[in-house]
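The primary structure of each chain is shown beneath.
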Amino acid sequence: MASVSCHPAFYTRCSTNKKGQEKNKQKLNCVKINGTKSFSPSKVDLLSQNSGLAIPSVDAEANVYIAKEQFRQNIPTKKQLVDPFRQGFITDEGVGYRQTVVIRSYEVGPDKTATIETILNLLQETALNHVWMSGLLGDGFGATHGMMKNNLIWVVSRMQVQVDHYPIWGEVMEIDTWVGASGKNGMRRDWLLRSQATGLVFARATSTWVMMNQQTRRLSKMPDEVRAEISPWFIEKQAIKEECPEKIDKLDDKARYVNSDLKPNRSDLDMNHHVNNVKYVRWMLEAIPDEFLENHQLSNIILEYRRECGSSDVVQSLCEPQQVELIKAGIQQNNYNCLNGYSFSSGILEGNGLLESLNLGPFSYTHLLQIKGNSKNYEIVRGKTIWKKKLIATPFPT
């Protein structure tokens, strides 16, 4: 049991008769909690009603010990339709979820657009908030009550994100997310990110999730109890249609770019005590040369997760450029009249056609993260990234 001393001062206006109005306008009664002055029982009750915090009323004359958990917001045990604090609500006839978010200053890069890590973090956050709203959330990281009973957690096995446009700083976005079945023992989760003002689609994403036993760290079949919990939320809708998912080849030590001796920090661990998948993406992208990153923008990423990474593991990031077959367009790279994300020379606009040779370099990379072992290496995740040249605005003639 933890003892908590509270110091904030809360001021309220009291509705009384005119004679006592000035006297009671900012009156604040205090009680002692653990020997320290704090707010009154009436203020505690008010906070509890307005914020959903489990804060009990206390005796003004007693030193009171309050459990830390009682100051936390209660996890809903019933389905919620609206969450004003997260600006989210249930959609799709009661099974989907939509949340409004704003791109903040610390979520953008030097070009003032959201980073791919920001987008991935928002995907994770809205997914967890969807489970929160469902009333199925236990104490785990997105685990339902049935999963908690069976000591199971969710792990992502595959993810794909397609980015058409990167939102800028201050952009207000709507993120829709929903779930569906993936085989007998998996679950698919999809997302759609768009501008609240215009409806412009920024990005689409899809993922496949399976269950793992938290103690044995082995994959598990979906118990009937859990299937009964989540199957009513399933939707037959896909943000990205993958009729035949692309297989990613495994790289070896002969890869062109290699970053070694990567070590997780404590801040990289999530609530399941393994490295967050967003950190994997950062390790992957850091293996790509800076010269390429400065002039290109990620448009598609596919991730195939093989095993988890712990805090004591030493990681190696391998990266190999792939030559993408593009339309040969008689284009010079230093000309920035753009179409579909690629740069076109004035020769095309003058009628020379799309048949002359083009050397835009590699627009695709294959990635591998692996744990360096004494006798062998262990795959963490395979990845593929597809890129397009950054759009550079051409000023209008004066």
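The structure we're discussing is the one just above.
Just so you know, these numbers come straight off a predicted model, no measurement behind them. Sequence order sets the numbering: in each chain, residues are counted from 1 along the sequence as written. Thresholds applied to this predicted model are a pLDDT of at least 70 for local features of residues and 80 or more for the giving and counting of side-chain atom pairs; totals over whole chains, interfaces and linings are not thresholded and use all residues. Working from all heavy atoms in the structure, the side-chain values ignore hydrogens and water.

Colleague: Sorry if this is basic, but what is going on with the overall build of the chain here?
Modeller: Along its length, the chain carries 8 helices and 17 strands. Between buried and exposed lies partly exposed: a residue is buried under 20% and exposed over 50% of the maximum accessible area for its type, with that area taken using a 1.4 Å probe on protein chains only. Burial statistics for the chain: of 398 residues in total, 44% are counted as buried. Residues count as neighbours in contact if any of their non-hydrogen atoms are within 4.5 Å of one another. Summarising the internal contacts of the chain: among those between residues at least 6 apart in sequence, 69% fall at separations of at least 24. Total accessible area on the chain is roughly 22600 Å²; 49% of this is exposed by carbon and sulfur atoms. Secondary structure is summarised from DSSP: a helix means a run of H or I of at least four residues, a strand means a run of E of at least two, and numbering begins at the N terminus for each. Areas reported here follow the Shrake-Rupley algorithm with a probe of radius 1.4 Å; residue values treat only the protein chains shown as occluding.

Colleague: Any chance you could explain the nonpolar core here in plain terms?
Modeller: Soluble globular proteins tend to bury their nonpolar side chains together. Membership of the largest hydrophobic core comes to 67 residues, with the highest contact counts inside it found for V161, L193 and Y280. Once residues within four sequence positions are removed from consideration, L193 is found in contact with I119, L123, M173, E174, I175, L200, V201, F202 and A203. Here, nonpolar core refers to any group of buried Ala, Val, Leu, Ile, Met, Phe, Trp, Tyr and Cys residues whose side-chain atoms link them within 4.5 Å.

Colleague: Looking at this structure, how should I read the layout of surface pockets?
Modeller: Here the idea is plain: a probe the size of a water molecule rolls over the atoms and shows the empty space left. Approximately 820 Å³ is the volume found for the largest pocket. Method remark: on a 1 Å grid restricted to protein atoms, a set of points is classed as a cavity if a 1.4 Å probe fits but cannot get out and as a pocket if it is open with protein on both sides within 12 Å along at least five of seven lines; lining residues have an atom within 4 Å of a point. Lining the largest pocket we find 40 residues, and of these W154, V155, V156, W209 and V210 sit closest to its centre. Elements represented by at least two residues in the lining of the largest pocket include exactly α3 (116-134), β6 (152-163), β8 (186-195), β9 (201-213) and α6 (277-285). No other element matches α3, which puts 8 residues into the lining of the largest pocket. In the scheme used here, Gly and all other residues not listed as nonpolar or charged are polar, with Ala, Val, Leu, Ile, Met, Phe, Trp, Tyr, Cys and Pro taken as nonpolar and Asp, Glu, Lys and Arg as charged. For the lining of the largest pocket, the residue count by class is 24 nonpolar, 10 polar and 6 charged. Grid points are joined across faces, edges and corners, and a volume is the space filled by probe spheres set on the points.

Colleague: What is the right way to read the side chain of D176 from this model?
Modeller: One can find D176 in strand β7 (residues 172-182). For the purposes of these results, a polar contact is taken to be a pair of N or O atoms within 3.5 Å, where, inside protein, one atom must be able to donate a hydrogen and its partner to accept one; residues adjacent in sequence count only when each atom of the pair is a side-chain atom. Among the polar contacts listed, one links the side chain of D176 to the side chain of R98, at a separation of 2.7 Å. Those residues in contact with D176 that lie beyond four places of it in its chain are Y97, R98, D190, W191, L192 and R194.

Colleague: Explanation requested: a nonpolar patch on the surface in the structure shown.
Modeller: A contiguous nonpolar patch, built from L81, V82 and F89 and spanning about 290 Å² of accessible area, is present on the exposed surface. With respect to the secondary-structure elements, F89 resides in strand β4 (residues 88-91). Judged by relative accessible area, which is 34%, F89 ranks as partly exposed. Patch construction takes residues with relative accessible area above 30% that form no salt bridge. Like charges are linked within 9 Å, and nonpolar side chains (Val, Leu, Ile, Met, Phe, Trp, Tyr) are linked within 5 Å. Should a side-chain nitrogen of Lys or Arg be within 4 Å of a carboxyl oxygen of Asp or Glu, the pair is scored as a salt bridge.

Colleague: Looking at this structure, how should I read α6?
Modeller: Side chains that are three or four residues apart share a direction in an α-helix, a result of its 3.6 residues per turn. The buried fraction of α6 amounts to 7 of the 9 residues, a majority that puts the element mostly inside the structure. Every buried residue of α6 is accounted for by N277, V278, Y280, V281, W283, M284 and L285. You can read the cap of α6 off the contacts: a side-chain oxygen lies 2.8 Å from the backbone nitrogen of V278, and it is on N276.

Colleague: Mind showing me how you'd approach the pattern of salt bridges here?
Modeller: Where charged atoms from two side chains of opposite charge come close, those side chains can pair. One pass over the structure, following the stated rule, counts 16 salt bridges. A salt bridge links E304 to R158; the shortest N-O distance between them is 3.0 Å. Residue E304 is located in strand β12 (residues 296-305), and its partner R158 is located in strand β6; the two are separated by 146 residues in the primary sequence. Across this residue pair, the class does not change: E304 and R158 are buried. Here E304 and R306 are joined by a salt bridge, their closest N and O atoms 3.0 Å apart.

Colleague: Just checking my understanding: could you explain the packing of aromatic side chains for this structure?
Modeller: A ring pair, where both rings are aromatic, is described by two values, the distance of the centres and the angle of the planes. The pairing test for Phe, Tyr and Trp rings, Trp by its six-membered ring, is centres within 6.5 Å, and the orientation test on the planes gives stacked under 30 degrees, edge-to-face over 60, and tilted for anything in between. Within this structure, the stated rule accounts for 4 aromatic pairs. For the ring pair F292 and Y365, a centre distance of 5.0 Å and an interplane angle of 75 degrees mean the geometry is edge-to-face. With F292 in helix α7 (residues 290-295) and Y365 in strand β16 (residues 364-372), this pair connects stretches of sequence that are 73 residues apart. Neither residue differs from the other here; F292 and Y365 are each classed as buried. A centroid spacing of 5.6 Å and a plane angle of 80 degrees characterise the contact between F292 and W387, whose relative ring orientation is edge-to-face. Linking F292 in helix α7 with W387 in strand β17 (residues 377-389), this pair joins segments that are 95 residues apart in sequence. Assigned by exposure class, F292 and W387 land together as buried. Ring-pair connections join several aromatic residues into one group, and the members of that group are Y280, W283 and Y305.

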